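Below, each chain spelled out in residue letters.
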Amino acid sequence: MNPIDPVRPPAAPISPAHAAREAIEISLEIALGEAAPAFVHIDRHGARAAADASDQRRQRGAVIGPLDGRVVSIKDLFDVAGQTTTAGSIVLADRPAAATDALAVARLRAAGAALIGRTQMTEFAFSGVGINPHQGTPVNPVTAALGLEPRIPGGSTSGGAVSVATGAAWAALGSDTGGSIRIPAALQGLVGFKNTQSRTPKDGGIPLSPSLDTTCAITRSVDDAIAVHAVLSARRCTPTRRPLVDWQFGVVEPLLLDGMDADVQRAFERSLTDLGRAGARITRLALPALDDLPALLQDGGLPAAESWAWHRELLARDGDRYDPRVAARIRRGASITPAAIAELHRLRARWIERMAAELGVVDCVLSPTVPVIAPLLAPLIADDETFFRVNALLLRNPSIVNQLDGCAISLPCHPHGDAPVGLMLWTTGGRDDALLGAALDIETALQPGRIR
C-alpha cells in the first residue's frame, strides 16, 4: 500500500546544492498561486530573510538549527510579532499587531524555520469541517487533483494542511482541540500528530478550550512530525523502536468503526491485514468507559463552556459578525454554570482513570481517523443540518483523545490513486515517544516504498 502522490512532491533537503532561498522562492510561488486560498497573509520579506540567514549560516559553517531553512506555515491562531492574529474572524481584523511571537512560533523561529505566512482556518477553530464564510474556504487540493468535485479541506487547521499538501510549506503549525490537526491531515493524505497537551506551549494565541487545546503540527511523514515536535516541546524525542510483533494494538468496536464509508472501510481493513502480515498483534477491544463520554459532551461540554467565557463580551458587541454556526456552538456554553464546569472537570478526571485502566491491555489503539473521505463542499455550505451532522461525524473519533488528554497520530493508509484515508494510532497521555515509535514502524509497514 503506497501513499497517494501529493499535489507537489516533498521539498528536497536543504543542502549546499539546494539552498534555503531557492526553497522559499518555490514555496512562495505556490503560496501566491495554487495555494493562495490557504493563506490570510504571506510574509515574503520575513520568509526570504530567514532563508537568506540560513544560507549564510551554512556558508560560514555555523551551527545549523534543527529546522534550518525549512518552510513552515502558521495557523492564524498564533501570535507572530508584527502581525495581527484574527483566528479566521473579521471581528478581530482591527486588533493591534502582536508585540511578540507566541512561544511555539518563537521556538520554530529559533530552530531556523522560515515562516512563510498565516494560514486560513475555521473561525475561532470551532469546527472540523474547515469552512470559513468570511475569508473563503480552500478546496481540498488532493481530491481536486484526483478530478473529484470540490471537497472540504477539513478543519480547523484547513489552510495549514493545504499549505503542506500543495508544497507551499514543509510543515504547518496548528492546534488540535477535538481533531483540528488530525482531521485535515486525514482528508488530505498527510501526517497529523497530536501530542500530550502539556508537552507543548499554548501561550500567545487565541484559545478555544484551554482544557483541551493542543499545539502541534501537520507534516508529510512521521520523521518530520518528530522533528517539529522536538522543537515545539523543547525536548529530545526518543521514539520507542521495537519489532511490530512486540506491539499489541487494539481495535475498538463498535463506536469508532460506525458509519465508515466504503473507501474508509476498505483502506482500514486492508491496513489491519497488512499490519498483521508484518507481525503486529491486533485484538478487538471493548471500552465500556466510552459509554460515559456523552456526559462530558452535554450542552457542548468544556469547549462550549470555555469558549463562552472568552467570547461572551465580544459576542454581545459583535455577535452578528460571527459565522452563525460558530456563534451557535459558543452560545451553548452560556447555560453551563460554574458549578457544572467544576463537575465536568471531576467527571473527566474519573473518566480518564477508567479509560487508562481499560486501555492497559494494549499498547495503542488503531481506528479510522474519521469514518469518511472528504465530503463534498457545496452541501455543507448550503445546509445547516448537513453541516452539523458531518461536523459531529468528523469530530467523533479524534475528540475522544482530547477528552482523554492522550496523544494520537493520523497516518495516510489509502492506496495510490484513491481519496485520502487516515489511520489513527492513539493512547493515553505521556506516551508520546512510544506512540511515535509505533507510528514509524506502521508507516513503513503500510508504505514500504516511501522514500524518507
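Note that the structure is a prediction, hence the values are computed from the model and not measured.

Colleague: How should I be thinking about the packing of aromatic side chains in this particular structure?
Modeller: Both the distance between ring centres and the angle between the ring planes are used here to describe each pair of aromatic rings. A full pass over the atoms with the stated rule returns 4 aromatic pairs. Aromatic pair Phe124 and Trp310: ring centres 6.3 Å apart, planes at 55°, arrangement tilted. Here the residue Phe124 occupies a position in the loop between β3 (114-119) and α4 (141-145), and Trp310 occupies one in helix α10 (residues 301-318), the gap between them amounting to 186 residues. Of the residues examined, Phe124 reaches a relative accessible area of 1% and is grouped as buried. Overall, Trp310 belongs to the partly exposed group, its relative accessible area being 34%.

Colleague: I'm lost on the sheet that holds strand β6 (residues 214-219) in this one. Help?
Modeller: Backbone-to-backbone hydrogen bonds pair the strands of a sheet. The strands run either parallel or antiparallel. With mixed pairing, 11 strands are arranged side by side in an open sheet as β1-β3-β2-β4-β6-β5-β10-β11-β9-β7-β8. Every other strand in the sheet has two partners, leaving β1 (39-42) and β8 (281-285) as the edge strands with one partner each. Here the strands of the sheet are splayed against their neighbours by 25° on average, with no regard to which way each runs. Across 3 bridges, the pairing between strand β5 (residues 191-194) and β6 is antiparallel. Directly across from Val191, in β6, lies its bridge partner Thr219. Sheet contacts for helix α1 (residues 20-32): β1, β2 (71-75) and β3; angle to β3, the most-contacted strand, approximately 10°.

Colleague: Got a minute to help me understand α1 in this structure?
Modeller: Every α-helix winds through 3.6 residues per turn, so residues three or four apart in the chain are directed the same way. In a regular helix each residue adds 1.5 Å, so 13 residues correspond to 18 Å; α1 covers 18 Å between its end C-alpha atoms and thus fits that length. Where α1 is concerned, the buried positions are Ala20, Ala23, Ile24, Ser27, Leu28, Ile30 and Ala31. End-on view of α1: buried residues confined to an arc of 160°, all on one side of the axis. Where the residues of α1 are buried, they touch β1, α2 (44-60), β2 and β3.

Colleague: How should the nonpolar core be read in this particular structure?
Modeller: If you look at soluble globular proteins, the nonpolar side chains tend to sit buried side by side. In terms of nonpolar packing, the biggest core is built from 37 residues, with Phe249, Leu275, Leu366, Ile409, Leu423, Leu425 and Ile442 touching the most fellow members. Put simply, the parts of the chain that give this core at least two residues each are β5, α7 (222-233), β7 (248-252), α8 (262-277), β9 (364-368), β10 (407-412), β11 (422-427) and α15 (432-446). Examining the composition of this core, we find that 8 residues originate from one element, α15, more than from any other. Those residues within four positions of Phe249 in sequence are excluded, and the remaining contacts are Leu244, Ala280, Arg281, Ile282, Thr283, Val362, Cys364, Leu366, Leu425, Ala438 and Ile442. Formed by 36 residues, the second largest nonpolar core is a distinct cluster that contains Leu108, Ala217, Trp308 and Leu314.

Colleague: Before we go on, may I ask you to explain the packing of α7 against α15 in this structure?
Modeller: The description of two helices packed together rests on the angle between their axes and the distance between the axes. In contact at an axis separation of 9 Å, α7 and α15 are set at 160° when each is read in the N-to-C sense. In terms of axis orientation, α7 runs roughly antiparallel to α15. Only Leu436, Ala439, Leu440 and Glu443 of α15 make contact with α7, whose side of the interface consists of Val222, Asp223, Ile226 and His229. Grouping the amino acids of the contact of α7 with α15 by side-chain chemistry returns 5 nonpolar, 1 polar and 2 charged.

Rules and cut-offs
- Residues numbered from 1 in each chain as written.
- Predicted model: local features only at pLDDT ≥ 70, side-chain atom pairs only at ≥ 80, totals over all residues.
- Heavy atoms only, no water.
- Phe/Tyr/Trp six-rings, centres within 6.5 Å; stacked < 30°, edge-to-face > 60°.
- Helix = DSSP H or I, 4+ residues; strand = E, 2+ residues; numbered from the N terminus.
- Buried < 20%, exposed > 50% of the residue type's maximum accessible area, 1.4 Å probe, protein only.
- Pairing = 2+ DSSP bridges.
- Axes fitted to C-alpha atoms, helices over the stretch in contact; angles between N-to-C directions.
- Contact = heavy atoms within 4.5 Å.
- Expected span 1.5 Å × (residues − 1).
- Arc of directions from axis to C-beta.
- Core = buried A, V, L, I, M, F, W, Y, C linked by side-chain atoms within 4.5 Å.
- Parallel < 35°, antiparallel > 145°, perpendicular 65-115°, else oblique.
- Nonpolar A, V, L, I, M, F, W, Y, C, P; charged D, E, K, R; others polar.

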